[in-house]
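# Reading the structure
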Amino acid sequence: MNYMQMKMFLLGKGIAQSVSPEIHNDLLRKANLDYEYGLVDLERDQLPALIQRVKAEDIWGFNVTSPYKAEILNYLDSIDQRVEVLGAVNTVVQRAGKLYGYNTDVDGVRYAVKDLFEPGPILILGRGGAAKAAIYAFRDRELSVYCRDHSKDDELRRIKDDLRIVCDFNELEFGQATNVIQATTVGFREDRSLLKEALPGQKTLFDMIYTPWETSIMRNLKGSGVQLKNGYEMVLGQAEKCFKLFSENRI
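Quick summary incoming for the structure in this document.

Basis of the calculations
Residues numbered from 1 in each chain as written. Predicted model: local features only at pLDDT ≥ 70, side-chain atom pairs only at ≥ 80, totals over all residues. Heavy atoms only, no water. Pairing = 2+ DSSP bridges. Helix = DSSP H or I, 4+ residues; strand = E, 2+ residues; numbered from the N terminus. Core = buried A, V, L, I, M, F, W, Y, C linked by side-chain atoms within 4.5 Å. Buried < 20%, exposed > 50% of the residue type's maximum accessible area, 1.4 Å probe, protein only. Contact = heavy atoms within 4.5 Å. Arc of directions from axis to C-beta. Axes fitted to C-alpha atoms, helices over the stretch in contact; angles between N-to-C directions. Polar contact = N/O pair within 3.5 Å; in protein donor to acceptor, adjacent residues only side chain to side chain. Salt bridge = Lys/Arg side-chain N within 4 Å of Asp/Glu carboxyl O. Parallel < 35°, antiparallel > 145°, perpendicular 65-115°, else oblique. Left-handed = near helix turned anticlockwise from the far one by under 90°. Nonpolar A, V, L, I, M, F, W, Y, C, P; charged D, E, K, R; others polar.

### Topic: the sheet that holds strand S3 (residues 61-64)
The six strands lie next to each other as S2-S1-S3-S5-S6-S4, forming an open sheet whose pairing is mixed. If you trace the sheet from one side to the other, it starts and ends with strand S2 (36-41) and strand S4 (78-79), each paired once. Bridge count between strand S1 (residues 6-12) and S2: six bridges; the pairing is parallel. Counted as the bridge partner of Met6 is Glu36 from S2.

### Notes on the nonpolar core
With 28 residues, the main nonpolar core has Ile124, Phe138, Ile181 and Phe206 as its most contacted residues. Counting only elements with at least two residues in this core, the list comes to helix H4 (105-113), strand S7 (122-125), helix H5 (129-137), strand S8 (143-146) and helix H6 (153-159). Non-local contacts of Ile124, meaning those with residues more than four positions away in its chain, are made with Ala131, Ala134, Ile135, Leu143, Ser144, Val145, Tyr146, Ile181 and Ala183. Judged by nonpolar contacts, the second largest core, of 19 residues, contains Leu47, Ile72, Val83 and Val92.

### Examining helix H1 (residues 20-30)
Within H1, burial applies to Ser20, Pro21, Ile23, His24, Asn25, Leu27 and Leu28. Buried positions along H1 lie against S1, S2, S3 and helix H8 (232-247). Directly after H1, the chain includes Asn32, whose backbone phi takes a positive value near 55°.

### What about helix H2 (residues 47-56)?
Each turn of an α-helix holds 3.6 residues, which means side chains three or four residues apart point in the same direction. Leu47, Leu50, Ile51 and Val54 are the residues of H2 that are buried. Burial along H2 is one-sided: seen end-on, the buried residues are contained in an arc of 100°. Away from the buried face of H2 by more than 90 degrees, exposed residues Ala49, Gln52 and Ala56 are located. For H2, the secondary structure elements touched by its buried residues are S1, S2, S3, strand S5 (91-95) and strand S6 (98-102). Asp58 occupies a position one or two residues after H2 and carries a positive phi of about 55°.

### Digging into the sheet that holds S7
An order of S9-S8-S7-S10-S11-S12 is seen for the six strands of this open sheet, with the pairing classed as parallel. In this open sheet, the two strands that pair with only one neighbour each are strand S9 (164-166) and strand S12 (227-229). If you compare each strand with its neighbour and ignore which way they point, the axes differ by 20° on average. In terms of strand pairing, S8 meets S9 through three bridges, oriented parallel. By the bridge assignment for S9, Ser144 is matched with Arg164. Against the sheet, H5 engages S7, S8 and strand S10 (179-182), with an angle of about 165° to S7.

### Some points on the side chain of Ser247
As for its position among the elements, Ser247 is in helix H8. Classification of Ser247 as buried rests on a relative accessible area of 8%. A polar contact is formed between the side chain of Ser247 and the backbone oxygen of Phe243, at a distance of 2.6 Å.

### A few points about the pattern of salt bridges
Enumeration over the complete set of coordinates arrives at 16 salt bridges. Asp191 is the partner of Arg219 in a salt bridge, and the nearest nitrogen-oxygen pair spans 2.7 Å. Separated by 28 residues along the polypeptide, Arg219 in helix H7 (residues 216-221) and Asp191 in the loop between S10 and strand S11 (204-207) bring together distant segments of the chain. Assessed through its relative accessible area of 38%, Arg219 is described here as partly exposed. Through salt bridges that share partners, Lys13, Asp41 and Glu43 make up one connected network.

### Section: the packing of H4 against H5
Running from amino to carboxyl end, H4 crosses H5 at an angle of 70°, the nearest separation of the two axes being 8 Å. By the angle between their axes, H4 is roughly perpendicular relative to H5. Here H4 and H5 pass one another in a crossing that is right-handed. Between H4 and H5, the residues in contact are Asp105, Val106, Val109 and Arg110 and Ala133, Ala134, Tyr136 and Ala137, respectively. Residue composition of the contact of H4 with H5, grouped by class: six nonpolar, no polar and two charged.

Read these as geometric descriptors, not functional statements.
Here's what the structure looks like:
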């Protein structure tokens, strides 16, 4: 990869199958910019050298995925309010040798469901970083979270103090899962699902996974009347927000 041409990239581990370069390079072409967005797959001990290179070669910024969304905080000069609450960064912008951290997963999930979700409560499946971004995105709505491990309950309630956390779908009353967000890795490149059928009163399902394109949970709910969407538009939405942050005052 030519670092002089690469103004933006995705940092992570095991990311060869990511669609981020395809999406971001399309945005660069549409902006008539002769730059590249690439992949940087590194071990943890290689991060300091990478950070120095980002500053020295005037790279605009980079996206961050597993396992470095929290680790990267150690290298930043400033973070936005979302990152303070969520404790995770997915976008780093370099300005005049300083690094600024953002979380655009929030923008991505809002973008993906803007024409999908119905009025009514939301149920989020999971308690990890993706689930936290979804909680933040819809903290003004009636929210429940389904998770079996309650070690992070306090972290989740710091995002929304009246969040309802359940460990059994039977705890949900009719209509408390009008809209469902699947925010776990269950179903990622595998034939597994947290739901075998629609929940009582469920109208929509947004699965943050897009590999496979039709996940197991989507197949299980197909034909039930539930409106379905996978996570590809979330990637598009957060990428557009990232591009604005990367290119601000540069083009």
